[in-house]
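Below are the chains, spelled out letter by letter.
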Amino acid sequence: MKQTTPYQLERARTYRAEAQRAIEYILSNDDFNKAKLILKSLKRSINAEINMSDDEDSAYVKLLAAINQDLDGKKDAFFQLEIIRNGFFKFIAAQTGSSDANR
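Residues numbered from 1 in each chain as written. Predicted model: local features only at pLDDT ≥ 70, side-chain atom pairs only at ≥ 80, totals over all residues. Heavy atoms only, no water.

Asks: Go over the overall build of the protein with me, naming the residues and quoting the values.
Replies: Within the protein, the secondary structure is distributed over 4 helices and 0 strands. Across the protein, helices and strands are ordered from the amino to the carboxyl terminus as α-α-α-α. Taken over the C-alpha trace, the protein has a radius of gyration of 13 Å; the compact-globule value for 103 residues is 13 Å, and the two agree within 12%. Dimensions of the protein, computed from the C-alpha atoms along their principal axes, are close to 40 × 30 × 15 Å. Taking contacts inside the protein between residues at least 6 apart in sequence as the whole, the part at least 24 apart equals 68%. If you sum the accessible surface of the protein, you get close to 6400 Å²; carbon and sulfur atoms cover 48% of it. The average position of the 16 basic charges and that of the 15 acidic charges among the side chains of the protein differ by 2 Å. (Helix = DSSP H or I, 4+ residues; strand = E, 2+ residues; numbered from the N terminus. Rg over C-alpha atoms; globule rule 2.2 N^0.38 Å. Contact = heavy atoms within 4.5 Å. Areas by Shrake-Rupley, 256 points an atom, 1.4 Å probe, with all protein chains shown as cover. Lys, Arg positive; Asp, Glu negative; His and termini not counted. Charge placed at Lys NZ, Arg CZ, Asp CG, Glu CD.)

Structure (structure tokens):
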């Protein structure tokens, strides 16, 4: 399996942060419309990265494919956002040995 690039690690942090932001919209603002827009954007980005990747052996691309598969058929936006956030959280922790969002 190929090494995760700094770009991929930064993308993972961005996905995690955006999923968290959408979850906060739901929990604190009851703004489901903004959360759904963010979710739609995240799903499109994940699909685009999968389709554009020529490196199917990287841990990052495998993670994207696994998250995409986990989202398939799920209706609840909050649950989908948790899948995205948790998947990238675990990936970042595995790659860096830390779950610190600021790294």
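Read on for the rest.
Asks: Summarise the packing of helix 1 (residues 6-29) against helix 4 (residues 77-96); cite the residues concerned and give the values.
Replies: Packing of helix 1 against helix 4 brings their axes to within 8 Å, and their N-to-C directions diverge by 145°. Here helix 1 runs over helix 4; the crossing is left-handed. Judged by residue contacts, Leu9, Ala12, Arg13, Tyr15, Arg16, Ala19, Gln20, Ala22, Ile23, Ile26 and Leu27 of helix 1 engage Phe78, Leu81, Glu82, Ile84, Arg85, Phe88, Phe89, Phe91, Ile92, Gln95 and Thr96 from helix 4. Its residues placed into classes, the contact of helix 1 with helix 4 shows 15 nonpolar, 3 polar and 4 charged. (Axes fitted to C-alpha atoms, helices over the stretch in contact; angles between N-to-C directions. Left-handed = near helix turned anticlockwise from the far one by under 90°. Nonpolar A, V, L, I, M, F, W, Y, C, P; charged D, E, K, R; others polar.)

Asks: Go over the nonpolar core with me, naming the residues and quoting the values.
Replies: Core analysis: the biggest nonpolar cluster contains 26 residues, and Ile67, Leu81, Ile84 and Phe88 have the highest contact counts within it. Considering each element in turn, this core owes the most residues, 8 residues, to helix 1. Setting aside chain neighbours within four positions, we find Ile67 in contact with Ile46, Ile83, Ile84, Gly87 and Phe88. (Core = buried A, V, L, I, M, F, W, Y, C linked by side-chain atoms within 4.5 Å. Buried < 20%, exposed > 50% of the residue type's maximum accessible area, 1.4 Å probe, protein only.)

Asks: Could you give an account of the side chain of Thr4, naming the residues involved and the relevant values?
Replies: For Thr4, the location among the structural elements is in the segment before helix 1. Residue classification places Thr4 among the buried residues on the basis of a relative accessible area of 13%. A distance of 2.8 Å separates polar atoms of two side chains, one belonging to Thr4 and the other to Gln95. If we ignore the near neighbours within four places in the chain, the residues touching Thr4 are Leu9, Ala59, Phe91 and Gln95. (Polar contact = N/O pair within 3.5 Å; in protein donor to acceptor, adjacent residues only side chain to side chain.)

Asks: Give me the lowdown on the pattern of salt bridges, citing residues and values where you can.
Replies: In the structure shown here, the tally under the stated rule is 4 salt bridges. The closest approach of N and O atoms between Arg21 and Glu18, which form a salt bridge, is 2.6 Å. You can see Arg21 and its partner Glu18 sitting in helix 1, 3 residues apart, about one turn around the helix. Residue Arg21 is classed as partly exposed on the basis of its relative accessible area, which comes to 34%. (Salt bridge = Lys/Arg side-chain N within 4 Å of Asp/Glu carboxyl O.)

Asks: Now, about helix 1: what can you tell me, with residues and values included?
Replies: Its 24 residues place the ends of helix 1 33 Å apart at the C-alpha level, agreeing with the 34 Å of an ideal helix rising 1.5 Å per residue. Where helix 1 is buried, its residues meet helix 2 (32-52), helix 3 (59-71) and helix 4. Of the residues one or two after helix 1, Asp30 is the one with positive phi, at around 50°. (Expected span 1.5 Å × (residues − 1).)

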